[in-house]
Amino acid sequence: MFDGNPWASFAVMTLTGHDIKVTHHRIPYDIIETTVALAKLKLPEIYSHMFLSGLKFN
């Protein structure tokens, strides 16, 4: 999700018969370590800004 929350996100879908349940989760991770790794790979700086802000810029 690019909703301004920089934590990682995922969803779990559970199917039971005809019922569908979706649960969304957020988990913290080392965002600074991620941006350092992106810089070492010489990726455009915009990707670091995206991870830090939780927003999509491209």
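Here the structure is shown first, and the text comes after it.
The structure presented is a predicted model; accordingly, all values stated were derived computationally and were not measured.

Draft legend 1. Representation of the overall build of the protein. Helix and strand counts for the protein stand at two helices and two strands. Against the globule reference of 10 Å for 58 residues, the protein gives a C-alpha radius of gyration of 15 Å, more extended than a compact globule. The principal-axis extent of the C-alpha atoms belonging to the protein is close to 50 × 20 × 15 Å. Out of the 58 residues belonging to the protein, those deemed buried represent 10%. Considering only residue pairs separated by 6 or more positions, the protein has 27% of its internal contacts joining residues 24 or more positions apart. Across the protein, 5 positive and 5 negative side-chain charges occur, with their mean positions spaced 5 Å apart.

Draft legend 2. How the structure looks around helix 1 (residues 31-40). Of all the positions in helix 1, only Ile31, Thr35 and Leu38 are classed as buried. Along the axis of helix 1, the buried residues cluster in a sector spanning 55 degrees; they form a single face. What points out from helix 1, more than 90 degrees from its buried face, is the exposed set Ile32, Glu33 and Lys40. Looking at the buried positions of helix 1, the neighbouring elements they touch are helix 2 (45-53). Where helix 1 begins, the side chain of Asp30 points an oxygen toward the backbone nitrogen of Ile32, at a separation of 3.3 Å. Phi turns positive, to about 60 degrees, at Lys42, one or two residues after helix 1.

Draft legend 3. Just the pattern of salt bridges, in detail. Evaluation of the coordinates by the stated rule reveals one salt bridge. As a salt-bridge pair, Arg26 and Asp3 come within 2.4 Å of each other at their nearest N and O atoms. Here the residue Arg26 occupies a position in strand 2 (residues 19-27), and Asp3 occupies one in the segment before strand 1 (8-16), the gap between them amounting to 23 residues.

Draft legend 4. Examining a nonpolar patch on the surface more closely. Taken together, the side chains of Leu41, Leu43, Ile46, Tyr47, Phe51, Leu55 and Phe57 define a hydrophobic patch exposed on the protein surface, amounting to about 600 Å² of accessible area. Mapped onto the fold, Phe57 is located in the segment after helix 2.

Draft legend 5. The environment of Gly54, seen in detail. Mapped onto the secondary structure, Gly54 falls in the segment after helix 2. Owing to a relative accessible area of 5%, Gly54 belongs among the buried residues under this scheme. Residues Gly54 and Ala8, spaced 46 residues apart in sequence, show a C-alpha to C-alpha distance of 8.9 Å. With residues up to four places along the chain from it excluded, the contact list for Gly54 reads Met1, Phe2, Asp3, Gly4, Asn5 and Pro6.

Cut-off values and rules
By convention here, each chain's residues receive numbers from 1 onward along its written sequence. Since the coordinates come from a predicted model, pLDDT governs what is reported: local features require at least 70, and pairs of side-chain atoms require 80 or more to be given and counted, while whole-chain, interface and lining totals use all residues. Side-chain metrics rest on all non-hydrogen atoms present in the structure, leaving aside hydrogens and water. Runs of E in the DSSP output that reach at least two residues are strands. Runs of H or I that reach at least four are helices, and both are numbered from the N terminus. Only C-alpha atoms enter the radius of gyration, while the globule expectation follows 2.2 Å times N to the 0.38, with N the number of residues. In this scheme, a residue with accessible area under 20% of its type's maximum is buried, one over 50% is exposed, and one in between is partly exposed, where area comes from a 1.4 Å probe on protein chains only. Here a residue-residue contact requires only that any non-hydrogen atoms of the pair lie within 4.5 Å. Charge counting follows a simple rule: Lys and Arg are positive, Asp and Glu are negative, and His as well as the terminal groups are ignored. Charged side chains are reduced to one point each, which is NZ for Lys, CZ for Arg, CG for Asp and CD for Glu. By arc we mean the arc of the directions from the helix axis to the C-beta atoms, nothing more. For this analysis, a polar contact is any N or O atom pair within 3.5 Å, provided that within protein one partner can donate a hydrogen and the other can accept it, and provided that sequence-adjacent residues contribute only side-chain to side-chain pairs. Salt bridge, as used here: a side-chain nitrogen of Lys or Arg that lies within 4 Å of a carboxyl oxygen of Asp or Glu. A patch consists of residues exposed above 30% relative accessible area that lack any salt bridge, with like charges linked at up to 9 Å and nonpolar side chains (Val, Leu, Ile, Met, Phe, Trp, Tyr) linked at up to 5 Å. Per-residue accessibility takes into account occlusion by the displayed protein chains alone, with areas from the Shrake-Rupley method and a 1.4 Å probe.

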